[in-house]
Amino acid sequence: MRRLALGLALLLICGAVSAEQVKPAVKGVTTPAATPSDAAKKAAQKPAPKGPPAKMLFGAVTAPAPLEARAIGSYAKGCLAGGISLPINGPDWQVMRLSRNRNWGHPRLLDYLERLASDARALDGWPGLLIGDMAQPRGGPMITGHSSHQIGLDADVWLTPMPDRVLTRQEREDISATSMLKDPFTVDPKIWTPLHTKLIKRAASYPQVARIFVHPAIKKALCEQAGKDRAWLSKVRPWWGHYYHFHIRLTCPPGTEGCENQKPAGGDDGCGAELAAWFKMLRKAEIDAARPAPPGAKPAPKKPPLSLGDLPRECMTVLNSGGGGPVIAPDGTVPAALKAAAGKDAGPPEPHLDPKALAALKAEMSKSKPGSKPAPAAALTSAADPGPASVPAPAPQAAQAASPASPSPPGPAATDPSMSLPDRKPR
Ligand SMILES: [Zn+2]
């Protein structure tokens, strides 16, 4: 605790020093008359004070902040006051991967999950929910996996039905979630069932749900199976990696100051141009994944991790309140055991095309120009082509970010500008 206090004090001092350093720089600017508002803007744009990455602090915290429950900031840049933990066994759910200690959330999230688990069982016949990652005890960035899940309003739910018995702690560590994919572009009809569609429809049906993220192949299956009632589909958006779980994101509790909602989902069911653009990105990503990196190629530069100064100011209070604060080594590293537990993937790796199908895909891609209709995908062993007549070119940033090597998330920059960085990886 003392080490942390010292670290935080240091951080504050660093912050103050940087603020001081900004002043002469602003005065010395040669551009005409820097007004006070310009100076304020410049100060606001200055790089955040660097301390240990915030994920190290929030990732090592073991207990909630004893404050009134509040979601602070945005889904990918915030923290959680007064978090509560979802009981590991409920009448219709079980929490998985207990060692990660990520079954925390805002009471709004817990109420929702309990209601969903109960309704899905009673009304749809889904046997119960296996709950994956929610948030850390005080929310915030995580050491591994997600860039969102920071304010206690996000939860991952496995697409594997709950078994008819209470799993042991060890089983909850070891059991793998089931992939729904037959290949990179298609759900496996032997695994994906109408019950899955019902579950996701149910999950999206509550007014407090802002978004649900699923793999594009799952979105495609939902589009095909939705029938006439399609309003719920607008909240269900494609995102990388969500092929063995789906991600539920709730809106901010009404009246919560400092909790940033996303733009509400539009009325479009997302089954047309948006889905087509995602499939185009998927195809490109598949080709990029198979291409060996040229010798001497440097990996794309990583975004620097968030520091405490990047988060809302109240997150400092959240981190410091009560006991159970972070246990970090003097060098700022997190215990290796914690990192190992948190880093273990909950599901199988994503499937890739076999060489023959990949060659067919390459041939198809080389024939189609951006903005034009792609060649028929009949040669593919997989149903790679989503089938619409006009496939819009993904926005440039979307296209380049589709490379698995890229750290920045693609697509929704083009398809959902209000989206705030859900996890690129499915953990
Ligand atoms: Zn997630």
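Residues numbered from 1 in each chain as written. Predicted model: local features only at pLDDT ≥ 70, side-chain atom pairs only at ≥ 80, totals over all residues. Heavy atoms only, no water.

1. Thoughts on the overall build of the chain
1) Next: The secondary structure content of the chain amounts to 13 helices and twelve strands.
2) Next: For the chain, with 427 residues in total, the buried portion stands at 50%.
3) Next: Sequence separation of at least 24 residues holds for 80% of the intrachain contacts in the chain that already meet a minimum separation of 6.
4) Next: For the chain, the exposed surface amounts to about 19,500 Å²; the carbon and sulfur share of it is 60%. (Helix = DSSP H or I, 4+ residues; strand = E, 2+ residues; numbered from the N terminus. Buried < 20%, exposed > 50% of the residue type's maximum accessible area, 1.4 Å probe, protein only. Contact = heavy atoms within 4.5 Å. Areas by Shrake-Rupley, 256 points an atom, 1.4 Å probe, with all protein chains shown as cover.)

2. A short note on the confidence of the model for the chain
Low-pLDDT stretches of the model should not have their predicted coordinates read in fine detail.
1) Next: Of the residues in the chain, 69% reach a pLDDT of 70 or more, and the chain-wide mean stands at 77.
2) Next: Across residues 1-36, confidence stays below pLDDT 50; counting only partners more than four residues off in sequence or on other chains, it has 24 contacts. (pLDDT = per-residue confidence, 0-100.)

3. Concerning the packing of aromatic side chains
1) Next: According to the stated counting rule, one finds five aromatic pairs in the structure shown.
2) Next: Plain terms: the ring middles of Y112 and Y206 are 5.5 Å apart, the flat faces sit at 85° to each other, and that makes the pair edge-to-face. In this pair, Y112 is assigned in helix α4 (residues 107-124) and Y206 in the loop between α6 (194-204) and β10 (209-214), connecting sequence segments 94 residues apart.
3) Next: Judged by its relative accessible area of 1%, Y112 is buried.
4) Next: You can call Y206 buried: its relative accessible area is 6%.
5) Next: The rings of F213, W239, W240 and W278 are connected pair by pair, giving a single aromatic cluster.
6) Next: The ring centre of Y75 lies 4.4 Å from the NZ or CZ of R249, which sits over that ring. (Phe/Tyr/Trp six-rings, centres within 6.5 Å; stacked < 30°, edge-to-face > 60°. Lys NZ or Arg CZ within 6 Å of the ring centre and 35° of its normal.)

4. Brief notes about the coordination of the zinc ion
1) Next: Distances from the zinc ion to its protein donors, H149 (NE2), D156 (OD), D156 (OD) and H247 (ND1), fall at 2.1 to 2.8 Å.
2) Next: Sequence positions of the donors to the zinc ion reduce to the motif H-x6-D-x90-H. Of this pair, H149 sits in the loop between β6 (129-131) and β7 (154-158) while H247 sits in strand β12 (residues 245-250); the two residues are 98 residues apart in sequence, bridging distant segments of the chain. You'll find H149 and H247 in the same group, each marked buried. (Donors = N, O, S within 2.8 Å, 3.2 Å for Na, K, Ca; no water.)

5. Quick look at the state of the cysteines
1) Next: Inspection of every chain in the model, using the stated rule, returns three disulfides.
2) Next: The disulfide partner of C223 is C271, and the gap between their sulfur atoms is 2.0 Å. Between C223 and C271 the sulfur-sulfur dihedral comes to about -85°; the bridge is accordingly left-handed. Here the residue C223 occupies a position in helix α7 (residues 216-225), and C271 occupies one in the loop between β12 and α8 (273-290), the gap between them amounting to 48 residues.
3) Next: Counting its disulfide-bonded cysteines in sequence order, the chain shows a connectivity of 1-6, 2-5, 3-4. (Disulfide = S-S within 2.5 Å.)

6. Comments concerning the pairing of β12
1) Next: Of all six residues in β12, six are buried, a share of seventy percent or more.
2) Next: Note: β10 against β12, four bridges, orientation antiparallel. Opposite F213, over in β12, you have H247 as the bridge partner. (Pairing = 2+ DSSP bridges.)

7. Details of the nonpolar core
1) Next: Within the largest apolar cluster, 57 residues are counted, with the highest numbers of intra-cluster contacts made by L113, I200, I212 and F246.
2) Next: Broken down by element, this core gets its largest block of residues, seven residues, from α4. (Core = buried A, V, L, I, M, F, W, Y, C linked by side-chain atoms within 4.5 Å.)

8. Observations regarding α7
1) Next: With respect to burial, α7 is a largely interior element, eight of its ten residues being buried.
2) Next: Turning to α7, its buried residues are P216, A217, I218, K219, K220, A221, L222 and C223.
3) Next: Those residues of α7 that are buried lie in contact with β8 (181-183), β9 (186-187), α6, β10, β11 (236-238) and α8.

9. Focus on the pattern of salt bridges
1) Next: This model, assessed by the stated rule, comprises 13 salt bridges.
2) Next: Note that D119 and R115 form a salt bridge whose closest N and O atoms lie 2.8 Å from each other. Here R115 and D119 lie together in helix α4, a separation of four residues that amounts to about one turn.
3) Next: Here R115 falls in the partly exposed class, since its relative accessible area comes to 47%.
4) Next: Taken together, the shared-partner salt bridges connect R100, R102 and D133 into one network. (Salt bridge = Lys/Arg side-chain N within 4 Å of Asp/Glu carboxyl O.)

10. What about the packing of α4 against α6?
1) Next: Between α4 and α6, whose axes approach to 10 Å, the crossing angle comes to 140°. In terms of axis orientation, α4 runs oblique to α6. Helix-helix and strand crossings are classified by hand; for α4 and α6 the assignment is right-handed. Between α4 and α6, the contacting residues are Y112, L116, D119, A120, L123 and D124 on the first element and L195, K198, L199, R202 and A203 on the second. (Axes fitted to C-alpha atoms, helices over the stretch in contact; angles between N-to-C directions. Parallel < 35°, antiparallel > 145°, perpendicular 65-115°, else oblique. Left-handed = near helix turned anticlockwise from the far one by under 90°.)

11. As for unusual backbone geometry
1) Next: The backbone of R97 sits at a positive phi, close to 50°, despite the residue not being glycine.
2) Next: Following the sequence through the fold, R97 ends up in the loop between β4 (93-95) and β5 (104-105).
3) Next: Judged by its relative accessible area of 6%, R97 falls in the buried class.
4) Next: Even without being glycine, H149 reaches a positive phi, approximately 60°.

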